[in-house]
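Structural description and commentary
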Amino acid sequence: MNFDHFDFLAPFYDRVIPFSCLEKMLALLALPAPVTLLDAGGGTGRVAKALQPHLASVVVADLSAGMLAQARQKGLAAASAVTELLPFPAESFERVLMVDALHHVFNQSQTVRELYRVLKPGGRLVIEEPDLRVFAVKLIALAEKVALMRSHFLSPPQIAALFPADARLQLEAADGNAWLIVEKPEEK
Ligand SMILES: C[S@@+](CC[C@H](N)C(=O)[O-])C[C@H]1O[C@@H](n2cnc3c(N)ncnc32)[C@H](O)[C@@H]1O
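Please read all numbers here as calculations on a predicted model, not as lab measurements. (Residues numbered from 1 in each chain as written. Predicted model: local features only at pLDDT ≥ 70, side-chain atom pairs only at ≥ 80, totals over all residues.)

The strand order across the open sheet formed by seven strands is β3-β2-β1-β4-β5-β7-β6, and the pairing between neighbours is mixed. Each having just a single partner strand, β3 (77–80) and β6 (168–174) make up the two edges of the open sheet. Ignoring which end each strand starts from, the neighbouring axes of this sheet average 20 degrees apart. Where strand β4 (residues 93–99) and strand β5 (residues 119–130) come together, six bridges link them in parallel fashion. Bridge pairing in β5 links F93 to L119. The strands that helix α5 (residues 108–118) touches are β1 (36–40), β4 and β5; relative to β5, the one it contacts most, it runs at about 145 degrees. (Pairing = 2+ DSSP bridges. Helix = DSSP H or I, 4+ residues; strand = E, 2+ residues; numbered from the N terminus. Axes fitted to C-alpha atoms, helices over the stretch in contact; angles between N-to-C directions. Contact = placed C-beta atoms within 7 Å.)

Once that is clear, we can look at the pairing of β4. The buried count for β4 comes to seven of seven residues, which makes it a mostly enclosed element. Pairing between β1 and β4: three bridges, direction parallel. The residue bridging L38 from the neighbouring strand is V96, located in β4. The parallel pair β4 and β5, bridged by α5, forms a crossover whose chirality is right-handed. (Buried ≥ 20, exposed ≤ 12 C-beta atoms within 10 Å, placed from the backbone. Right-handed = clockwise from strand over helix to strand, strands pointing away.)

Turning our eyes to something else, we now look at the site of the ligand. Close to the ligand lie 20 residues, the nearest being G41, G43, S64, V99 and A101. Looking at the shell around the ligand, its residues break down into nine nonpolar, seven polar and four charged. (Near = placed C-beta within 6 Å. Nonpolar A, V, L, I, M, F, W, Y, C, P; charged D, E, K, R; others polar.)

With that settled, the discussion passes to helix α4 (residues 65–73). Looking at α4, one finds that the buried residues are G66, M67, L68, Q70 and A71. Summarising the contacts, the buried residues of α4 are in contact with α1 (5–16), α3 (46–51), β2 (57–62) and β3. Once α4 ends, the next one or two residues include G75, with phi positive near 85 degrees.

Okay, the pairing of β2 next. Burial of β2 is extensive: five of the six residues sit out of reach of the surface. Read from β1 through α3 to β2, the crossover connection turns out right-handed. Strand direction decides the pairing type here: β2 and β3, joined by four bridges, are parallel. What sits directly across from A61, in β3, is A79. Following the chain from β2 across α4 to the adjacent parallel β3, one finds a crossover that is right-handed.

Below, the structure written as structure tokens:
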């Protein structure tokens, strides 16, 4: 696995960006529930660790060895993987989460396909992203381009458009963040 800027940031990441919205995330994911959750692009596991007591089990998947080392130090199950090709069978998880990672991945549409593939029918997927419709977020997106970070921001409607027609979608937005809540229908 190549070294990237997240390997460098990993030891400081949780102190710089502490996770502070547990109640909101529990509501978005319809937790607590005795379910399995995949935190894709889950980094140091700062979100997964907070959610863990409210779940049956949780796995963090990420491509950064440095970020995953932090997740493992927290006692979390961690898989080295790109979100464009997740190493899990179809319909493995009742919950799938991606926080602040979609704009960093190599391929957004392939990632969305994979997140939806590993979601169980009747399950729920939540994607949190900075809301590109907000002016300050547009500036951040521009700054990340100038800094040559590999980021590609999509607006919430653009993310929603990547899902198949059968997916049930809801959108919430507040304080410069947007949450896309996706439900996969039960099989008939
Ligand atoms: C801004 S961090 C967010 C980490 C975590 N979701 C959180 O909120 O703390 C973005 C993460 O996405 C990971 N990432 C970027 N592209 C990825 C890809 N294609 N597959 C897997 N992980 C990826 C990075 O290594 C990094 O850990």
